[in-house]
Amino acid sequence: VRLCRCRCRALLSRPAGALRARRGLAAGPEMHFGFQTVTEEERREKIYQVFENVAKKYDVMNDSMTLGIHRVWKDIFVHKMNPCPGTLLLDVAGGTGDIAFRFINYVRSVRQRQLQRKLKHHQNLSWQEIFESYQKDKFNSLGDSQVVVCDINREMLKVGKQKAQHLGYSEGLSWVLGNAEELPFDDDKFDVYTIAFGIRNVTRIDLALQEAYRVLKPGGRFLCLEFSHVSNPLLSRLYDLYSFQVIPVLGEVIAGDWKSYQYLVESIRQFPPQEELKAMIEDAGFFKVDYENLNFGIVAIHSGFKL
């Protein structure tokens, strides 16, 4: 683990040109972009273009493609995180803010319950003391919790910022343009690292996992929510039929973009299955790695700890 971290730091300390040369971005190894075979640099550029194209319709398409179930998956994801007041969260590839907003709501709810229990155990408080306690909590509703949303795509961040302004989220929330493979943060900084429906679009998953390990504090937790592999053969066939015959059509009708959603479907099929991703997370240095399948493995939540 120490060796991996040292290599990662050495890479991050080099000039950008040297970093690109080491990774072979000029030509690069062949990689998958959906079912196409492309170079590493081509994949990076194509994926960036996909999310630039779909950013404005991203939420509408998620609702249409999953019949709204993605909201339940994200709720389960945040409940599994179970953040407490004071938690510092890094949400990577979270440009539209879905995880960040849920995190804020969850912590506020925990803080509210804490205050109610506190007041319940002090029955002799005056009305003025109760009022002052609520007022104090009102101005510190997150208990010093913070969430940093990091995304490589400017358009996705733009959509997230607009949503935050519209929904009234400002306290404890910041937005950073950054690459999951080269995070612009110090070592041992965050309590929790999350990435939801983003890791399969990272060019080098191994580098992203190493970076997740690097920026987490000792004792910190890694959580990943991602489409995965369905184990039931019958359900798998039905899922494939829906994915390839319906989702690209929805992309064309709703977002005017068949190709981007064809790629998103293909990228799910090319993504490592649950056990393989678990092994990759362990290789990055994480301990107590496990996963939970949701809806028979249509999506899975992977979890690990930096010890």
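Residues numbered from 1 in each chain as written. Predicted model: local features only at pLDDT ≥ 70, side-chain atom pairs only at ≥ 80, totals over all residues. Heavy atoms only, no water.

Description of the packing of aromatic side chains
- Applying the stated criterion across every chain yields a total of 8 aromatic pairs.
- When the ring of Trp73 is compared with that of Phe227, the centres are 6.0 Å apart and the planes differ by 90°; the resulting orientation is edge-to-face. With Trp73 in helix α5 (residues 69–81) and Phe227 in strand β7 (residues 216–227), the pair connects residues that are 154 residues apart, well separated along the chain.
- A relative accessible area of 14% places Phe227 in the buried class.
- With centroids separated by 5.2 Å and ring planes inclined at 35°, the aromatic side chains of Phe222 and Phe286 adopt a geometry described as tilted. (Phe/Tyr/Trp six-rings, centres within 6.5 Å; stacked < 30°, edge-to-face > 60°. Helix = DSSP H or I, 4+ residues; strand = E, 2+ residues; numbered from the N terminus. Buried < 20%, exposed > 50% of the residue type's maximum accessible area, 1.4 Å probe, protein only.)

Examining α5
- The first and last C-alpha atoms of α5 sit 19 Å apart over 13 residues, in line with the 18 Å expected at 1.5 Å per residue.
- All of the buried residues along α5 are His70, Trp73, Lys74, Phe77, Val78 and Met81. In a view along the axis of α5, the buried residues occupy a sector of 135°, so they form one face of it.
- In the stretch just after α5, Asn82 is the one whose phi turns positive, near 50°. (Expected span 1.5 Å × (residues − 1). Arc of directions from axis to C-beta.)

Section: the side chain of Glu226
- By secondary structure assignment, the location of Glu226 is in strand β7.
- Owing to a relative accessible area of 1%, Glu226 belongs among the buried residues under this scheme.
- A polar atom in the side chain of Glu226 sits 3.2 Å from the backbone nitrogen of Gly198.
- Within the local environment of Glu226, its side chain forms a polar contact with the backbone nitrogen of Ile199, the two atoms lying 3.4 Å apart.
- Dropping the residues within four chain positions of it, Glu226 is found in contact with Phe197, Gly198, Ile199, Arg200, Phe271, Ile298, Val299 and Ala300. (Polar contact = N/O pair within 3.5 Å; in protein donor to acceptor, adjacent residues only side chain to side chain. Contact = heavy atoms within 4.5 Å.)

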